[in-house]
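Examining the three-dimensional arrangement
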Amino acid sequence: MARTHLVWDWNGTLLDDLSLVVSSTNAAFTAVGGRLVDADEHRSRFRRPVAEFYAEILGRAVDEEEFGRLDRIFHDAYRLGLTTMKLAADATAALKDWPGSQSLLSMWFHAELVPAVETYGLAGVFTRVDGLRTEIGGHLKAAHLAEHLAELGLTGRQVVLIGDSLDDAAAADAVGGEIVLYTGGFTDPARLRASGRPVADTLVEAVAIARTL
């Protein structure tokens, strides 16, 4: 195996929270008089920076101040529903299938991510867990991944990412890593397959592909 370390995404990948993300997004849109989106539209249009996604749905520009407000509304709604969210059906099996080291990198807030990982029975699985250490989210993942790998003492050539978005793929490219894209998350499978990257319909399949890269 050429690559020894697996970096997992959390929201939309290990955590099966698409429905909560859509409802939380709609809470933000409703607060500013915007229209609602369903899961299919969310998966076909969602992208980072999230402010660009919001602007497209709202049909107007969203400046930094307004995005900060929308982001807070989103996360307040998300927290209310988080207690009912479960891991993806095969997440535990997939984690056990990787023979090397594993870490978790999320765009969710670090102070809330760490206890969540413990709540889901994953304490001790990851060599490192990193979430956002900022008050506002929504930006690109590449810099976050670079910092994560630096803290681990790894290079991109040593890692495979498993994520659910084209931004995950761009982040992997930025560090010279490989990526396997998972269709069960926030992005329409057709968009993922059109990227030309390896795509898996289950997390166990994603790990099996990752072992070949």
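Residues numbered from 1 in each chain as written. Predicted model: local features only at pLDDT ≥ 70, side-chain atom pairs only at ≥ 80, totals over all residues. Heavy atoms only, no water.

1. A look at the packing of aromatic side chains
Summed over the entire model, instances satisfying the criterion amount to 10 aromatic pairs. Considering the side-chain rings of phenylalanine 74 and tyrosine 78, the 6.0 Å spacing of their centres and the 20° angle between planes classify their relative orientation as stacked. Taken together, the positions of phenylalanine 74 and tyrosine 78, both in helix H4 (residues 64-81) and four residues apart, correspond to about one turn of that helix. Judged on exposure class, the residue phenylalanine 74 and its partner tyrosine 78 are both buried. Put simply, the rings of Phe29, Phe46, Phe53, Tyr54, Phe67 and Phe186 pair up and form one aromatic cluster. (Phe/Tyr/Trp six-rings, centres within 6.5 Å; stacked < 30°, edge-to-face > 60°. Helix = DSSP H or I, 4+ residues; strand = E, 2+ residues; numbered from the N terminus. Buried < 20%, exposed > 50% of the residue type's maximum accessible area, 1.4 Å probe, protein only.)

2. Focus on the domain arrangement of the chain
For the chain, the assigned domains read domain 1 (5-16 + 86-211) and domain 2 (18-83). Taking only C-alpha atoms into account, the centre of domain 1 sits 22 Å from that of domain 2. Each partner contributes residues to the interface: domain 1 has 23 residues there, and domain 2 has 19 residues. Buried area between domain 1 and domain 2, both sides added, is near 1,700 Å², and the carbon and sulfur share of it is 56%. Here domain 1 is connected to domain 2 by one salt bridge. Counting every contact that joins domain 1 to domain 2 gives 10 residue pairs in polar contact (both at pLDDT 80 or more). Broken down by secondary-structure element, the contributors of at least two residues to the side of domain 1 that touches domain 2 are strand E2 (15-16), strand E4 (101-109) and helix H9 (189-194). By residue number, the principal contributor to the side of domain 1 that touches domain 2 is E4, which donates three residues. Residues belonging to the side of domain 1 that touches domain 2 are distributed by class as follows: nine nonpolar, eight polar and six charged. (Domains from an automatic or database assignment. Contact = heavy atoms within 4.5 Å. Buried area = accessible area lost by both parts, 1.4 Å probe. Salt bridge = Lys/Arg side-chain N within 4 Å of Asp/Glu carboxyl O. Polar contact = N/O pair within 3.5 Å; in protein donor to acceptor, adjacent residues only side chain to side chain. Nonpolar A, V, L, I, M, F, W, Y, C, P; charged D, E, K, R; others polar.)

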